[in-house]
Amino acid sequence: MGDLFLVRHGETAWSRSGRHTGSTDVPLTEHGREEARRLAPLIRSLRIGAAFVSPLQRARETARLIGLPDARVDADLREWDYGGYEGVTTPEIQRDRPGWFLFTDGVAPGPPDHPGETPEQVGERADRMLATADAALAGAGEGDVVLIAHGHFLRVLAARRLGLPPRHGALFQLATGSLGRLGTEHGRPVVSGWNIRPPE
């Protein structure tokens, strides 16, 4: 089977300022578009059997700019639902909750349409997405599968791929416009590459 490639979308104004960006559908900045374009040669070098993308525009635009405009939209790839912390930065949250950490503490409740997710709920989505990716890998023979999505979600997905609890996504910082590669060694899942970005 091929490998699983994770692409975090390019920079947005909110990612640049550290605001938690879950459901808010902000576009890429021009710098974010350039980050995505620089990934295109790496993507072209892969033997891609299938590609999936989050429904949010920052991910879909990244998919187009890296050369995967026909990636299949999958709602399980959307970013963590930050609930009441949507648009808020970590330092702002920690003023009221000293020591708060997303991967262990989760988020404050939000409105009915975006109530927030626990780390475990994000992990459940990641497990579903991994099942979808594994089916695509099995059908692609030697081909690779590419997932274009969001930083926190992809970090949880990487943890789950390695058999770790969702909170261990904290160990896998993933920059905007970067690529992660999850492969196998002796039949066991491994991180084959992380935060891969072409030189500027």
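Residues numbered from 1 in each chain as written. Predicted model: local features only at pLDDT ≥ 70, side-chain atom pairs only at ≥ 80, totals over all residues. Heavy atoms only, no water.

**Quick word on the overall build of the protein**
Applicable threshold: Secondary structure is summarised from DSSP: a helix means a run of H or I of at least four residues, a strand means a run of E of at least two, and numbering begins at the N terminus for each. For the radius of gyration, the atom set is restricted to C-alpha positions; the globular benchmark scales as 2.2 Å times the number of residues to the power 0.38. For every residue, the accessible area obtained with a 1.4 Å probe (protein chains only) is divided by the maximum for its type, and the residue is called buried under 20%, exposed over 50%, and partly exposed between those limits. Here a residue-residue contact requires only that any non-hydrogen atoms of the pair lie within 4.5 Å. Exposure was quantified through the Shrake-Rupley algorithm and a 1.4 Å probe, taking into account, for residues, occlusion by the shown protein chains and nothing else.
Along its length, the protein carries seven helices and six strands. Along the protein, helices and strands appear, N-terminal first, in the series β-α-α-β-α-β-α-α-α-β-α-β-β. Relative to a compact globule of 200 residues, whose C-alpha radius of gyration would be 16 Å, the protein shows 16 Å and is just as compact. Overall, the protein is about 50 × 35 × 30 Å in size when its C-alpha atoms are taken along their principal axes. A burial count over the protein gives 50% of its 200 residues as buried. For the protein, restricting intrachain contacts to residue pairs at least 6 apart in sequence, the fraction spanning at least 24 positions comes to 69%. Counting only carbon and sulfur atoms, one obtains 50% of the accessible surface of the protein, whose full area is about 9100 Å².

**Considering the packing of aromatic side chains**
The relative placement of two aromatic rings is captured by the distance of their centres and the angle of their planes. The condition is simple: Between rings of Phe, Tyr and Trp, where Trp is taken as its six-membered ring, a pair exists when centres lie within 6.5 Å; planes separated by under 30 degrees are stacked, by over 60 edge-to-face, and by other angles tilted. Any Lys NZ or Arg CZ that is within 6 Å of a ring centre and within 35 degrees of that ring's normal is treated as a charge sitting over the ring.
Enumeration according to the criterion identifies four aromatic pairs in this entry. Ring centres of Phe101 and Phe103 lie 5.7 Å apart, and the angle between their planes is 50 degrees; on these two criteria the pair is classed as tilted. Cluster of aromatic residues (ring-pair linked, three or more members): Trp80, Phe101 and Phe103. The ring of Trp14 is capped by Arg19, whose NZ or CZ atom sits 3.8 Å from the centre of that ring.

**Comments concerning helix H2 (residues 30-44)**
Spacing of three or four residues puts side chains on the same side of an α-helix, whose turn is 3.6 residues. Let me state the cut-off plainly: By definition here, a helix of n residues has an expected span of 1.5 Å times n minus one.
Taking 1.5 Å per residue as the helical rise, H2 with its 15 residues ought to reach 21 Å, and the 22 Å between its terminal C-alpha atoms agrees with that figure. Burial in H2 covers these residues: Gly32, Glu35, Ala36, Arg38, Leu39, Ala40 and Ile43. For H2, the secondary structure elements touched by its buried residues are strand E1 (4-8), strand E2 (48-53), helix H3 (57-65), strand E5 (179-185) and strand E6 (188-196).

**Quick word on the pairing of strand E4 (residues 144-149)**
Using the following cut-off: Here, a strand pair is defined by DSSP locating no fewer than two bridges between the strands.
For E4, a buried count of six out of six residues is recorded, marking the element as mostly surrounded by other parts of the structure. The alternating pattern of E4 places Asp144, Val146 and Ile148 and Val145, Leu147 and Ala149 on opposite faces, both of which are buried. Judged from the five bridges that link them, E1 and E4 form a sheet pairing that is parallel. When the sheet's bridge partners are listed, Arg8 is paired in E4 with Ala149. In terms of strand pairing, E2 meets E4 through five bridges, oriented parallel. For Phe52, the partnering residue across the bridge sits in E4 and is Leu147.

**What about the nonpolar core?**
Just so we agree on the cut-off: Joining through side-chain atoms within 4.5 Å is the link that ties buried Ala, Val, Leu, Ile, Met, Phe, Trp, Tyr and Cys residues into a set, and such a set is a nonpolar core.
Ranked by size, the top nonpolar core spans 32 residues in total, and within it Leu4, Val145, Leu147 and Leu157 carry the most contacts. When contributions to this core are tallied by element, the ones reaching two or more residues are E1, E2, helix H5 (102-105), helix H6 (119-139), E4 and helix H7 (151-161). The dominant element in this core, judged by the number of residues it contributes, is H6, at seven residues. When sequence neighbours within four positions are dropped, the list of residues in contact with Leu147 reads Leu4, Phe5, Leu6, Val7, Phe52, Leu77, Met129 and Leu157. Leu39, Ala51, Val146 and Ile148 belong to the second-largest nonpolar core, a separate cluster that totals 18 residues.

**Here's the deal with the sheet that holds E6**
Note the cut-off: Note on geometry: axes are C-alpha line fits, over the in-contact stretch for helices, and angles between N-to-C directions span 0 to 180 degrees.
Strands sit in the order E3-E2-E4-E1-E5-E6 across an open sheet of six strands; the sheet is mixed. Edge strands, defined here as strands with exactly one partner in the open sheet, are strand E3 (72-73) and E6. Sheet strands touched by H2: E1, E2, E5 and E6. Its angle to E5, the strand with the most contacts, is close to 25 degrees. Of the strands in this sheet, E1, E2, E3 and E4 are in contact with H6, which crosses E4 at around 150 degrees.

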